[in-house]
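An overview of the molecular structure
In case you want the letters, here they are:
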Amino acid sequence: MELGIKRNSGLTYALKYAAKVLKQGIGISKHEVYKRFGGKSPLIHSYSTFNRYMGIAKEFVNWAKEQGVNRLDKVQYEHVRDFLLSKAEYCSMRTLKVNASALRKFFETVGREDIAERIGEDYQEIYSKGRAPGRALAFAHPERVISLLKEDVHKVIAELQLLTGARIGDVKKIQVFPEEKKVIITKSKGGRTREIDYSDRPEKFERIKELVGELREYLKGSSWSSVRESYYRDLRQAVYRSGEIYTGSHAFRVNYVKERLRELRERGYSEKEALQIIEYEIGHSRIEMSAYYSRG
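Residues numbered from 1 in each chain as written. Predicted model: local features only at pLDDT ≥ 70, side-chain atom pairs only at ≥ 80, totals over all residues. Heavy atoms only, no water.

Attention shifts here to the overall build of the protein. A count of helices and strands for the protein gives 14 helices and three strands. A compact globule built from 296 residues should have a C-alpha radius of gyration of about 19 Å, and the protein, at 21 Å, falls within 12% of that. The dimensions of the protein, computed from C-alpha atoms along their principal axes, are 65 × 40 × 35 Å. Across the 296 residues of the protein, 47% fall into the buried class. At a minimum sequence separation of 6, the contacts of the protein that also span at least 24 residues come to 63%. Accessible area for the protein stands at about 15300 Å²; split by element, carbon and sulfur atoms hold 48% of it. Computed over 56 positive and 41 negative side-chain charges, the inter-centroid distance for the protein is 5 Å. (Helix = DSSP H or I, 4+ residues; strand = E, 2+ residues; numbered from the N terminus. Rg over C-alpha atoms; globule rule 2.2 N^0.38 Å. Buried < 20%, exposed > 50% of the residue type's maximum accessible area, 1.4 Å probe, protein only. Contact = heavy atoms within 4.5 Å. Areas by Shrake-Rupley, 256 points an atom, 1.4 Å probe, with all protein chains shown as cover. Lys, Arg positive; Asp, Glu negative; His and termini not counted. Charge placed at Lys NZ, Arg CZ, Asp CG, Glu CD.)

In structure tokens, the structure reads:
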């Protein structure tokens, strides 16, 4: 067991300990560490990977606590497997693979090599349960899909995705600034901050402001991870009932791009100019990605 952590340490402490250890690799050459540790680095060497891995580990810790597991020695491999498979319903194979890698690194760092080894043994089986990679398709009738959701909180989440183009993980980060009529989402994918100007769409801004307030009320008594998981199950069934094709909640993001492109073109922007605006709004670094979404 590594110095500084015990087998019966609390999961919250284990999370802090892992973060302290793993971030020591940032700024150090991978090649140098590989030579020192015989081909495999026990550390993380970039801020983006560190933030993503620790975010996944934190999500697991919060999930485990909801299951009544608060200490490191009480975690069983079955808990980790159940957590990963619960995400398979809405994660792509690639995303599930990253989740498995993150938890493997976490448990190696906190001295639970037994769990890390089991993740390694079942690695391929776990990530193969994820959704096959494919292009997200816009809903033909997104409002109808939303109306078919059973839970009110899920309708709020879906409408926020539709009106802001937010990724599911960004919905809870939405902040509204009434004076400027702006929506800001901090620490989106890649650490980017998204800023969307709604001064030309005041009615949509008012609706977003209302929905953000409702979501905050709903989340006061529930964890985001459990709400998100139930949202995906509800959305899948709503899509099937609507007769549309299910490609995940990312479809609402594609709907946002298509609708925004139409709005901007009607206001006289060229397609290139419109896509540049959308690129900034949805947090992509390449205009080609906005164009790709617009064809969804």
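Counting across every chain of the model gives ten aromatic pairs. Ring geometry for Tyr198 against Phe205: centres 6.3 Å apart, planes inclined by 45 degrees, an arrangement best described as tilted. We note that Tyr198, like Phe205, is buried. Aromatic rings pair up to connect Phe60, Trp63, Phe83, Phe106 and Phe107 into one cluster. Sitting over the face of the ring of Tyr127, Lys97 holds its NZ or CZ atom 4.9 Å from the ring centroid. Over the ring of Tyr198 we find Arg201; its NZ or CZ atom is 4.1 Å from the centre of that ring. (Phe/Tyr/Trp six-rings, centres within 6.5 Å; stacked < 30°, edge-to-face > 60°. Lys NZ or Arg CZ within 6 Å of the ring centre and 35° of its normal.)

Taken as a whole and assessed by the stated rule, the structure comprises 27 salt bridges. For Arg260, the salt bridge is made with Asp200, and the minimal N-O distance between the two is 3.1 Å. Residue Arg260 is located in helix 12 (residues 250-266), and its partner Asp200 is located in the loop between strand 3 (194-197) and helix 10 (202-219); the two are separated by 60 residues in the primary sequence. A relative accessible area of 4% places Arg260 in the buried class. Look at Asp200 and you get partly exposed, because its relative accessible area is 30%. The salt bridge partner of Arg260 is Glu281, with a shortest N-O separation of 3.1 Å. (Salt bridge = Lys/Arg side-chain N within 4 Å of Asp/Glu carboxyl O.)

Quick look at a positive patch on the surface now. Taken together, Arg52, Arg94, Lys189 and Arg192 make up a surface patch of like positive charges. In this structure, Arg94 sits in helix 5 (residues 93-109). Look at Arg94 and you get exposed, because its relative accessible area is 71%. (Patch = residues over 30% accessible without salt bridge, like charges linked within 9 Å, V, L, I, M, F, W, Y side chains within 5 Å.)

Of the two faces of strand 1 (residues 174-177), the one holding Ile174 and Val176 is buried and the one holding Gln175 and Phe177 is not buried anywhere. Judged from the four bridges that link them, strand 1 and strand 2 (residues 182-185) form a sheet pairing that is antiparallel. Within the sheet, the bridge partner assigned to Ile174 lies in strand 2 and is Ile185. What sits between the antiparallel neighbours strand 1 and strand 2 is a turn of four residues, in which Lys181 has the positive phi angle 50 degrees. (Pairing = 2+ DSSP bridges.)

Note on helix geometry: an α-helix contains 3.6 residues per turn, so any two residues three or four positions apart are oriented the same way. Relative to the 27 Å expected for 19 residues at 1.5 Å per residue, helix 11 (residues 224-242) spans 26 Å between its end C-alpha atoms, a close match to the ideal helical length. Trailing helix 11 by a residue or two, Gly243 shows a phi angle of about 85 degrees, which is positive. (Expected span 1.5 Å × (residues − 1).)

Glancing now at the confidence of the model for the protein. Residues at a pLDDT of 70 or more form 92% of the protein, whose mean pLDDT is 89. Taking the mean pLDDT of every element in the protein, the minimum, 48, falls on helix 14 (residues 287-294) and the maximum, 98, on helix 9 (residues 152-164). Counting contacts from residues 286-290, a segment whose pLDDT is below 50, to residues more than four positions away or on other chains yields eleven contacts. (pLDDT = per-residue confidence, 0-100.)

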